[in-house]
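# Observations on the model geometry
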Amino acid sequence: MTSTTSQEELFRFLEDRFACAQACTECARACALRASLVDPDGTENQELVRRKGIMCAEVCDATCRVLSEQNQVDESTIRVQVEWCRTVCLEAAHVFDRQPGAEDSAAACRACARACTDFLATLN
């Protein structure tokens, strides 16, 4: 491996890490907003939307924090956190799909899951 290849890989890693953190932030905002719009005394489905929105926002926020900690977190911890984030985002998107008016939140969740997948590819 040449130093140019190593530099290219490092740049891709950093770009994907930043893109993942940014997607997590956007997803957290969208999910928190979606959760706040749901009536706490609503139907069972509304309660599921609220819980998934809150959970997704919290996991995305935590993932963003992990990705922001430069050298303080090892790769295996990052991998577990990002994989968890991807899973929670996809679950939330699936729940939001059944909620009228939640299309933007579902799209933010899917975009975050894609960013997580792209970032995980740089860890291989």
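Residues numbered from 1 in each chain as written. Predicted model: local features only at pLDDT ≥ 70, side-chain atom pairs only at ≥ 80, totals over all residues. Heavy atoms only, no water.

### Here's the deal with the overall build of the protein
Threshold: Helix numbers and strand numbers start at the N terminus; a helix is a DSSP run of H or I with at least 4 residues, a strand a run of E with at least 2. Residue contacts follow a heavy-atom distance rule, with two residues in contact if any of their heavy atoms lie within 4.5 Å. The Shrake-Rupley method, run with a 1.4 Å probe sphere, supplies the accessible areas, and residue values consider only the shown protein chains as cover. Counted as positive: Lys and Arg. Counted as negative: Asp and Glu, with His and the chain ends omitted from the count. Charge coordinates come from a single atom per side chain, which is NZ of Lys, CZ of Arg, CG of Asp or CD of Glu.
Within the protein, the secondary structure is distributed over four helices and zero strands. In sequence order, the protein lays out its α and β elements as α-α-α-α. For the protein, the C-alpha atoms occupy an extent of roughly 60 × 25 × 20 Å along the three principal directions. Pairs at least 24 residues apart make up 71% of the contacts formed inside the protein by residues separated by at least 6 positions. Of the roughly 7,200 Å² of accessible surface on the protein, 52% is carried by carbon and sulfur atoms. Side-chain charges of the protein comprise 13 positive and 20 negative groups, with the mean position of each set lying 3 Å from the other.

### A closer look at the nonpolar core
The condition that has to hold: Nine residue types can take part in a nonpolar core, namely buried Ala, Val, Leu, Ile, Met, Phe, Trp, Tyr and Cys, and a core is a set of them joined through side-chain atoms within 4.5 Å. Using a 1.4 Å probe on the protein chains alone, a residue whose accessible area is under 20% of its type maximum counts as buried, one over 50% counts as exposed, and one in between counts as partly exposed.
Among the nonpolar cores identified, the biggest contains 36 residues, and Cys56, Cys60, Cys89, Cys109 and Cys112 are the most heavily contacted of them. Elements that contribute at least two residues to this core include exactly α1 (3–37), α2 (44–68), α3 (75–97) and α4 (103–123). Residue contacts for Cys112: discarding those within four places in its chain leaves Ala23, Cys24, Cys27, Cys60, Cys85 and Cys89.

### What about the packing of aromatic side chains?
Just so we agree on the cut-off: When two rings of Phe, Tyr or Trp (its six-membered ring) have centres within 6.5 Å they constitute a pair, described as stacked for plane angles under 30 degrees, edge-to-face for angles over 60, and tilted for the intermediate range.
What the rule picks out here adds up to one aromatic pair. Note on Phe13 and Phe119: the rings are 5.5 Å apart at their centroids and 40° apart in plane angle, and the pair reads as tilted. Remark: Phe119 occurs in helix α4 and Phe13 occurs in helix α1; sequence separation between them is 106 residues.

### With respect to the pattern of salt bridges
How we decide: One side-chain nitrogen of Lys or Arg within 4 Å of one carboxyl oxygen of Asp or Glu is enough to make a salt bridge.
Evaluation of the coordinates by the stated rule reveals six salt bridges. Two residues, Asp16 and Arg12, come together in a salt bridge whose shortest N-O distance is 3.3 Å. In this pair, Asp16 and Arg12 both sit in helix α1, four residues apart, roughly one turn of the helix. On the basis of relative accessibility, which here comes to 43%, the residue Arg12 falls in the partly exposed class.

### Overview of the packing of α3 against α4
Each pair of packed helices can be summarised by the angle the axes make with each other and by the distance between the axes. Test applied: Only the stretch in contact is used when fitting a helix axis, every axis being a line fitted to C-alpha atoms; angles between N-to-C directions are given from 0 to 180 degrees. Orientation categories follow fixed angle ranges, with anything under 35 degrees roughly parallel, anything over 145 roughly antiparallel, 65 to 115 roughly perpendicular, and all other angles oblique. Handedness of a crossing is defined here by the sense of rotation of the near helix relative to the far one, left-handed for an anticlockwise turn of less than a right angle and right-handed for a clockwise turn. Note on residue categories: nonpolar means Ala, Val, Leu, Ile, Met, Phe, Trp, Tyr, Cys or Pro, charged means Asp, Glu, Lys or Arg, and polar means any other residue, Gly included.
Their axes nearest at 8 Å, the elements α3 and α4 cross at an angle of 155°. The pairing of α3 with α4 is recorded here as roughly antiparallel in orientation. The crossing of α3 and α4 is left-handed. Across the contact of α3 with α4, the residue classes break down as 16 nonpolar, three polar and six charged.

### Here we look at α3
As a reminder of what qualifies: Multiplying 1.5 Å by the helix residue count minus one yields the expected span of that helix.
Its 23 residues give α3 an end-to-end C-alpha distance of 33 Å, which sits within 8% of 33 Å, the value for a rise of 1.5 Å per residue. Turning to α3, its buried residues number three or more, namely Ile78, Gln81, Val82, Cys85, Val88, Cys89, Ala92, Ala93, Val95 and Phe96.

### What to know about the side chain of Gln99
Within the fold, Gln99 resides in the loop between α3 and α4. Relative accessible area serves as the criterion here: at 13%, Gln99 is assigned to the buried category. Apart from the residues within four sequence positions on either side, Gln99 is in contact with Asn45 and Val49.

### Describing the side chain of Thr63
Mapped onto the elements, Thr63 comes out in helix α2. In contact with Thr63, not counting residues within four places along its chain, are Cys24, Gln81, Val82 and Cys85.

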